[in-house]
Amino acid sequence: MPSLSRRQFLTTAAAATLGTQFSQCASATLPGGSAIDAHVHVWTPDTDRYPLAPGFEKRTIAPASFTPEELFAQCRPQDVGRIVLIQMSFYKFDNRYMLDSIAAHPGVFSGVAIVDETAPHLRTRMQDLAKGGVRGFRIVSGKNAASWLTDPAMTEMWKIAADEGLNMCLLINPDDLAMVDKMCVKFPQTPVVVDHFARVGMAGPVSRAHLDRLLHLSVHKNLTLKTSAFYALGKKTPPYTDLAPMIKECHQYFGAQRLMWASDCPFQVDPGHTYQDSIALIRDRLDFLSATDKAWMLGKTAEKVFFGKTA
């Protein structure tokens, strides 16, 4: 585990000034707001133009629709002006709806795509997606996670990501954390983003062993962590303050500059939860976060990771 010397709070006057300047600048330049939501899914009921992947049926999609316009109705009242779109599983490798949404709203969206790493011309496909506003690629753990280290296609994907400055965005479970650690050791230059605290606390109370494995990943300087999906973790009940101890430890180990808030909409606005409930936990309810910490977690980290230029 990292030593206590890694647990430093960003409390200097200079840093505080920087955070204030960022907030004022972003508010002035983004009509939708200064914050960035680092994890949202969108989809359309128009399955003629954007068909579902084999194995998915329109009648099972819930909600039936969550378009950018429906998203804006949720996020803009909370001063959220930019969003990272995550390719939805039921479109699989067809990223067109996400790419079309990015193109239709210049400057608002960045994207995380899904690609078949075993198909030919992987580098070209990843480069082409980057030209369309994609800054990361989603990897979902499962039965294949144990083979990541030796899988030639996965190895190639992580190498390309390092070369191109693109993020490997991992939807994983706590049992996968040891494998992620090994991948980060093997590919230290590859930018990595871990979604939703690696689902620590999803199956029940936050496990000390699972959290320790997550905190250990802070030794990898190119890895950032999403503090997100509060509706699905711990007690799964607003105002989600039972997650405060986990967030505090993540803040102590990773620092605010490697943490980013995200809602995981539309699931965050399922009955019993609201968009405001999610952002308010970071913005209003954690007294151990300084104004500068909040500036990073609610925008600056995601801006650096998902809205900067690629390599």
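Below is a short write-up of the structure. (Residues numbered from 1 in each chain as written. Predicted model: local features only at pLDDT ≥ 70, side-chain atom pairs only at ≥ 80, totals over all residues. Heavy atoms only, no water.)

I83, F137, L214, I247 and C250 are the most contacted members of the largest nonpolar core, which totals 86 residues. Broken down by element, the residue count for this core peaks at six residues, all from helix 8 (residues 244–254). Apart from residues no more than four positions distant in its own chain, I83 is found in contact with D37, V40, L71, F72, C75, V108, F109, S110 and F307. Membership of the second largest hydrophobic core comes to twelve residues, among which are V112, C169, M260 and A262. (Core = buried A, V, L, I, M, F, W, Y, C linked by side-chain atoms within 4.5 Å. Buried < 20%, exposed > 50% of the residue type's maximum accessible area, 1.4 Å probe, protein only. Helix = DSSP H or I, 4+ residues; strand = E, 2+ residues; numbered from the N terminus. Contact = heavy atoms within 4.5 Å.)

On to the pairing of strand 7 (residues 223–228). Regular strands place their side chains on alternate faces of the sheet. Of all six residues that make up strand 7, six are buried, and the element is covered over most of its length. A two-sided burial pattern is seen for strand 7, the buried positions comprising L223, L225 and T227 on one face and T224, K226 and S228 on the other. Looking at chain direction, strand 6 (residues 192–194) and strand 7 are connected through three bridges and run parallel. What sits directly across from V193, in strand 7, is T224. In this fold, the crossover linking strand 6 to strand 7 by way of helix 7 (residues 208–216) has right-handed handedness. In terms of strand pairing, strand 7 meets strand 8 (residues 259–262) through four bridges, oriented parallel. Across the sheet, the residue bridging to S228 is A262, located in strand 8. The parallel pair strand 7 and strand 8, bridged by helix 8, forms a crossover whose chirality is right-handed. (Pairing = 2+ DSSP bridges. Right-handed = clockwise from strand over helix to strand, strands pointing away.)

Time to look at helix 5 (residues 152–164). In a regular helix each residue adds 1.5 Å, so 13 residues correspond to 18 Å; helix 5 covers 18 Å between its end C-alpha atoms and thus fits that length. Along helix 5, the residues that are buried comprise A153, M154, T155, M157, W158, I160, A161 and E164. Where helix 5 is buried, its residues meet helix 4 (122–131), strand 4 (134–140), strand 5 (167–171), helix 6 (177–186) and strand 6. At the N-terminal boundary of helix 5, the capping side chain belongs to D151, with an oxygen 2.9 Å from the backbone nitrogen of A153. (Expected span 1.5 Å × (residues − 1). Polar contact = N/O pair within 3.5 Å; in protein donor to acceptor, adjacent residues only side chain to side chain.)

What follows deals with the environment of E69. The residue E69 is located in helix 2 (residues 68–75) in this model. Sequence separation of E69 and V42 is 27 residues, and the distance between their C-alpha atoms is 9.6 Å.

Another point: the packing of helix 4 against helix 5. Packing of helix 4 against helix 5 leaves a shortest axis separation of 10 Å and a crossing angle of 45°. Considering their axes alone, helix 4 and helix 5 lie oblique with respect to each other. Judged by the sense of rotation from one axis to the other, the crossing of helix 4 with helix 5 is right-handed. Each of L122, R123, M126 and Q127 in helix 4 lies in contact with helix 5, whose residues at this interface are A153, E156, M157, I160, A161, D163 and E164. When grouped by side-chain class, the residues that make up the contact of helix 4 with helix 5 number six nonpolar, one polar and four charged. (Axes fitted to C-alpha atoms, helices over the stretch in contact; angles between N-to-C directions. Parallel < 35°, antiparallel > 145°, perpendicular 65-115°, else oblique. Left-handed = near helix turned anticlockwise from the far one by under 90°. Nonpolar A, V, L, I, M, F, W, Y, C, P; charged D, E, K, R; others polar.)

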